[in-house]
Amino acid sequence: MAKVVERRKLNFWEELYLPAIVDGLGRTFRQMFKPEITLQYPEQRPVIADDYRGAPGLVKDEEGREKCVSCQLCEYICPPKAIVIEPGEVSEETSYDYSGIEKAPQEFYIDMLRCIYCGYCEEICPEQAIFMTGEYELNASTRQELVFDKARLYKLGGTRPGLLKKWKHKDDGLAAEEH
Amino acid sequence: MFDIAASLAKIIILTHTTLILAMYMPWVERKVSAWIQDRVGPNRVGYAGLLQPIADTFKFIFKEDVVPGHVNKTLFVLAPCFAVIPSLFILAVIPFGPAVQVMGQSVDLVIADLGVGILFVFAFSGLAVYGIVFAGWASNSKYPMLGGVRASAQMISYEICLGLSVVGIFMGAESLRMLDIVQQQIDGSWNIFTQPLGFLIFAIAAFAETNRLPFDLPEAETELVAGYHTEYSSIKFTMFFAGEYAAMFVFAALVTVLFLGGWDLPFMDSASFAAMGNWGALLGFAVFLVKSFMFLLLYVWVRFTLPRFRFDQLMNLGWKVLLPLALVNILITGFLNLP
């Protein structure tokens, strides 16, 4: 059953439309003097929330050690396959007193053109080594420039204090066992 | 010799004023629309974006001028000219200030002081529709065609209302000469007070004649892409653009002259303008420009208040409301002016 909507009969002034038009003009006129809400973008920046999902970056702990152990879980989970990791052994000079760590990434590439900012890499990372940063201004003149290598990813992520350090604790445990 | 020099000077002053206004009107429009929508508007190029029109003009000039292969070349090139020229011709009969004294001679500030001034206006505003119809036809594609058809129907309908709405003014001034109409308003009261209905009809018809919202059906971007100028680019598009804004200014100037007393100020009469000499003429010109600019602002203000009409509503308003009202207005004026 179609519902019949009763249309109210317009009175003379309503049918004239002119009062309504004058009312509308008054509204737009008042609007002219309200403050603008536009953000003047390059000078003013929006507030970026802590959990903002910008470009993913690799982080170091407060002692300056790279946290990634190149388990390649992020490479595996990445839906658009933006991450490519070349795993390798921990080198001599970066060899840590964290005795449990054997692997570190030789190279770590994230193609920012492929990345969809889903945050799965951050979620799956067992080492808290990769985080979505607040970076949202990604532009370059070539596609190659937007494939970030390890150095750029560490620059992007910076250091994050207060993260889980399970290898250090394991190290402590091992030391305790030996004694 | 003197007459030719005086005419040339007047032509140069008035056309340049119009073209500069037509150039800066988009800036005004963008600013006002921004304020209405709580935005800032152009503010990057120059102080408060004041150089934006110049940048836009250069952009338009240096863009590639695409002439699609499927168009009728002659009409396609002719159409933009038809969009600009009639508006500029109408300027010729618009008086824009009190008489100037130059080298002991009195020069009226009107390019062509025609006895049939207002008829000349209607003759040329009737020509303006050709620009749009030619563009619509010559483009040989569907949206411009629809825009052109709409324009012809719309402009022809509203031309009648436009013409009839000013009949009351001639009955009051007993002349078709623009200077007489202004003089009558300086001596008496402005026509907007004696002919409020005529003013309303003229203003609405002016919106329709210049294809401005809420009557911008020929170029309704949500329905017709860009209407009659869909296929145009570069300088040809600029000519349509400039033509539209020039037409807006011309109609604003017409409203000023016909209804708002031209350069008249409430506390001044012809004698006090004459007493100030050429400064009085300059003041008169400034008053004329300010009044015209006020009407131009009304165009912008209305554009960002009212939505677009549907085509049948447009036709109903024109033929069933404005036309009878204009006729009634003539009758009332006739009865009121009975000796």
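Residues numbered from 1 in each chain as written. Chains lettered and ligands numbered in written order. Predicted model: local features only at pLDDT ≥ 70, side-chain atom pairs only at ≥ 80, totals over all residues. Heavy atoms only, no water.

Chemist: How would you explain the overall build of chain A if you had to name every residue and give the values?
Modeler: Scanning chain A from terminus to terminus reveals 6 helices and 5 strands. Listing the helices and strands of chain A from first to last along the sequence gives α-α-β-α-β-β-α-β-β-α-α. Residues classed as buried in chain A amount to 30% of the 179 residues present. Contacts in chain A between residues far apart in sequence, at least 24 positions, make up 73% of those at least 6 positions apart. Accessible area for chain A stands at about 12500 Å²; split by element, carbon and sulfur atoms hold 54% of it. (Helix = DSSP H or I, 4+ residues; strand = E, 2+ residues; numbered from the N terminus. Buried < 20%, exposed > 50% of the residue type's maximum accessible area, 1.4 Å probe, protein only. Contact = heavy atoms within 4.5 Å. Areas by Shrake-Rupley, 256 points an atom, 1.4 Å probe, with all protein chains shown as cover.)

Chemist: Can you break down the overall build of chain B residue by residue, with the values?
Modeler: Secondary structure assignment for chain B yields 14 helices and 2 strands. Against the 2.2 N^0.38 benchmark of 20 Å for 339 residues, chain B shows a C-alpha radius of gyration of 20 Å, consistent with a compact globule. By principal-axis analysis of the C-alpha atoms, chain B measures approximately 60 × 45 × 45 Å. Considering chain B as a whole, with its 339 residues, one finds that 53% of them fall into the buried category. Partitioning the intrachain contacts of chain B with sequence separation of at least 6 by distance along the chain shows that 79% fall at a separation of at least 24. A total of about 14900 Å² of accessible surface is found on chain B, and carbon and sulfur atoms cover 72% of it. Taken as two groups, the 18 positive and 22 negative side-chain charges of chain B have centres that lie 11 Å from each other. (Rg over C-alpha atoms; globule rule 2.2 N^0.38 Å. Lys, Arg positive; Asp, Glu negative; His and termini not counted. Charge placed at Lys NZ, Arg CZ, Asp CG, Glu CD.)

Chemist: Explain the interface of chain B and chain A to me, using residue names and the numbers behind them.
Modeler: Contacts between chain B and chain A engage 14 residues on the former and 17 residues on the latter. Of the roughly 1300 Å² buried between chain B and chain A, counting both surfaces, carbon and sulfur atoms make up 64%. Applying the counting rule to chain B against chain A returns 1 salt bridge. The closest approach of N and O atoms between arginine 44 of chain B and glutamate 43 of chain A, which form a salt bridge, is 3.0 Å. Summed over the shared surface of chain B and chain A, the number is 8 residue pairs in polar contact (both at pLDDT 80 or more). For the side of chain B that touches chain A, the elements supplying multiple residues, two or more each, are helix 1 (2–36) and helix 13 (278–303) of chain B. By residue number, the principal contributor to the side of chain B that touches chain A is helix 1 of chain B, which donates 3 residues. Residue composition of the side of chain B that touches chain A, grouped by class: 9 nonpolar, 2 polar and 3 charged. (Buried area = accessible area lost by both parts, 1.4 Å probe. Salt bridge = Lys/Arg side-chain N within 4 Å of Asp/Glu carboxyl O. Polar contact = N/O pair within 3.5 Å; in protein donor to acceptor, adjacent residues only side chain to side chain. Nonpolar A, V, L, I, M, F, W, Y, C, P; charged D, E, K, R; others polar.)

Chemist: Could you give an account of the environment of valine 5 of chain A, naming the residues involved and the relevant values?
Modeler: Residues and elements named next belong to chain A. Here valine 5 is to be found in the segment before helix 1 (12–16). Here valine 5 falls in the exposed class, since its relative accessible area comes to 54%. Between the C-alpha atoms of valine 5 and glutamine 72, which are 67 residues apart in sequence, the distance is 63 Å.

Chemist: Explain the side chain of glutamate 209 of chain B residue by residue, including any values.
Modeler: Residue and element names in this part refer to chain B. Inspection of the secondary structure puts glutamate 209 in helix 9 (residues 196–209). Of the side chains with opposite charge, arginine 212 comes closest to the buried, unpaired glutamate 209, at an N-O distance of 13 Å. Those residues in contact with glutamate 209, other than ones at most four positions away along the chain, are Ser125, Met155, Tyr158, Glu159, Leu162 and Phe251.

Chemist: Go over the packing of aromatic side chains with me, naming the residues and quoting the values.
Modeler: Scanning the model with the defined rule gives 26 aromatic pairs over all chains in all. On the numbers, 5.2 Å between centres and 70° between planes, the contact of phenylalanine 29 of chain A with phenylalanine 33 of chain A is edge-to-face. Exposure remark for phenylalanine 33 of chain A: the relative accessible area of 61% places this residue in the exposed category. With 5.4 Å between their ring centres and 80° between their planes, phenylalanine 295 of chain B and tyrosine 299 of chain B make a pair best called edge-to-face. (Phe/Tyr/Trp six-rings, centres within 6.5 Å; stacked < 30°, edge-to-face > 60°.)

Chemist: Give me helix 2 (residues 52–62) of chain B: which residues, what numbers.
Modeler: Residues and elements named next belong to chain B. Among all positions of helix 2, only Gln52, Pro53 and Phe60 are buried. In an axial view of helix 2, the angular spread of the buried residues amounts to 95°, which keeps them on one side of the axis. In this structure, the buried residues of helix 2 make contact with helix 1 and helix 11 (234–258). (Arc of directions from axis to C-beta.)

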